[in-house]
Amino acid sequence: LKPIKEALTVANHTLYDPDKKVVFVEGITDYNYMVAFKKKLKKDDIVFLPIRGIGKFGSKEFEDKQKEISKRLIKIKKHSPILMVDGDNAGKSMKKTNNDSELTVFTLTDVKPEFKTIENLFSETDQKDLGIITDNGKYVKHSSKSSLFKSFDIYTRNLSKDTEENFKLLFNHI
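These numbers come from a predicted model, not from an experiment.

Quick notes on the packing of aromatic side chains
- Counting across every chain of the model gives 9 aromatic pairs.
- Seen in terms of ring centroids, F37 and F149 are 5.8 Å apart; in terms of plane orientation they differ by 35°. Their pairing is tilted. In this pair, F37 sits in helix α3 (residues 28-40) while F149 sits in helix α8 (residues 143-156), placing the two residues 112 residues apart along the sequence. For the residue pair F37 and F149, the accessibility class agrees, reading buried in each case.

Right, dumping it as structure tokens:
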């Protein structure tokens, strides 16, 4: 965000309210789903900010990248920064990397063991109806799909009770 802030000549408090809880999420898809449910559940005390992933698990530069990401997030949000990550190996590694850090990292599996990715919070029926999952079982991770959900589907679709309860559980954890 630093180059953007410098270009706009604004301080942190202009990009987000410092009195609100800031939760960084792994990417734009997670961001779109979380903002949609923030609106639906009327959770006005939280701000979500997306980052561009936490690195490819097993790559040579993986650990260094995670440490650098952590440093940057702590610098952006000096008080109680939070990062929500997937329950995969990269997410678990990020949590371990920040065990003794100012950055609080939690995995979706910390909320519920079945929650590996944000898409797991949607019921099977909602995954199919919303086009979040393909016929062969692969998740659709396109920002356009999640953006449509955030801007339109969250208001026009009747979601299953399971989906709504899963997101309530996640927000309660946050």
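Quick word on the pairing of strand β1 (residues 21-25)
- Burial analysis of β1 places 4 of its 5 residues in the buried class, which makes it a mostly covered element.
- Alignment of β1 against strand β2 (residues 46-50), held across 5 bridges, turns out to be parallel. Each residue of the ladder has a partner; that of V25, found in β2, is P50.
- In this fold, the crossover linking β1 to β2 by way of α3 has right-handed handedness.

Some words on the nonpolar core
- Counting residues in each nonpolar core, the largest one holds 28 residues, and the members touching the most others are M34, F37, F48, M84, F149 and L170.
- Put simply, the parts of the chain that give this core at least two residues each are β1, α3, β2, β3 (82-85), α6 (108-111), α8 and α9 (161-173).
- Dropping the residues within four chain positions of it, F149 is found in contact with Y33, A36, F37, F122, L130, I154 and L159.
- One finds V22, I51, I74 and I76 within the second-largest nonpolar core, a separate group that totals 17 residues.

Some thoughts on the packing of helix α4 (residues 62-76) against helix α5 (residues 89-97)
- Their axes nearest at 10 Å, the elements α4 and α5 cross at an angle of 60°. With respect to their mutual orientation, α4 and α5 come out oblique. Every pair of crossing elements has a handedness; the one defined by α4 and α5 is right-handed. Taken together, the residues of α5 that come into contact with α4 (itself represented by F62, Q66, K67, I69 and S70) are A90, S93, M94 and T97.
- Partitioning the contact of α4 with α5 into residue classes produces 4 nonpolar, 4 polar and 1 charged.

The rules behind the values
Throughout this document, residue positions are counted from 1 along each chain, in the order its sequence is written. Per-residue local features are limited, in this predicted model, to residues with pLDDT of at least 70; the limit for side-chain atom pairs, both in listing and counting, is 80 or more; totals at the level of whole chains, interfaces and linings are taken over all residues. Only hydrogens and water are set aside when side-chain values are computed; all heavy atoms of the structure are taken into account. Aromatic pairs are defined between Phe, Tyr and Trp rings, using the six-membered ring for Trp, whenever the two ring centres lie within 6.5 Å; interplanar angles under 30 degrees are classed as stacked, those over 60 as edge-to-face, and all others as tilted. Put simply, DSSP marks the helices as runs of H or I at least four residues long and the strands as runs of E at least two long, and each gets a number from the N terminus on. A 1.4 Å probe rolled over the protein chains alone gives each residue an accessible area, and that area as a share of the maximum for its type sets the label: buried under 20%, exposed over 50%, partly exposed in between. Here, strands pair whenever DSSP counts at least two bridges between them. Clockwise travel from the first strand over the helix to the second, with the strands pointing away from the viewer, marks a crossover as right-handed. We define the nonpolar core as a collection of buried residues of types Ala, Val, Leu, Ile, Met, Phe, Trp, Tyr and Cys that are connected through side-chain atoms lying within 4.5 Å of one another. Here, residues are in contact when the closest pair of their heavy atoms is within 4.5 Å. For every element, the axis is a line fit to its C-alpha atoms; helices are fit only across the contacting stretch, and the angle between N-to-C directions ranges from 0 to 180 degrees. Note on angle classes: values under 35 degrees are labelled roughly parallel, values over 145 roughly antiparallel, values of 65 to 115 roughly perpendicular, and the remainder oblique. By definition, turning the near helix anticlockwise from the far helix through less than a right angle yields a left-handed crossing, and turning it clockwise yields a right-handed one. Under the scheme applied, nonpolar residues are Ala, Val, Leu, Ile, Met, Phe, Trp, Tyr, Cys and Pro; charged residues are Asp, Glu, Lys and Arg; polar residues are all the others, including Gly.

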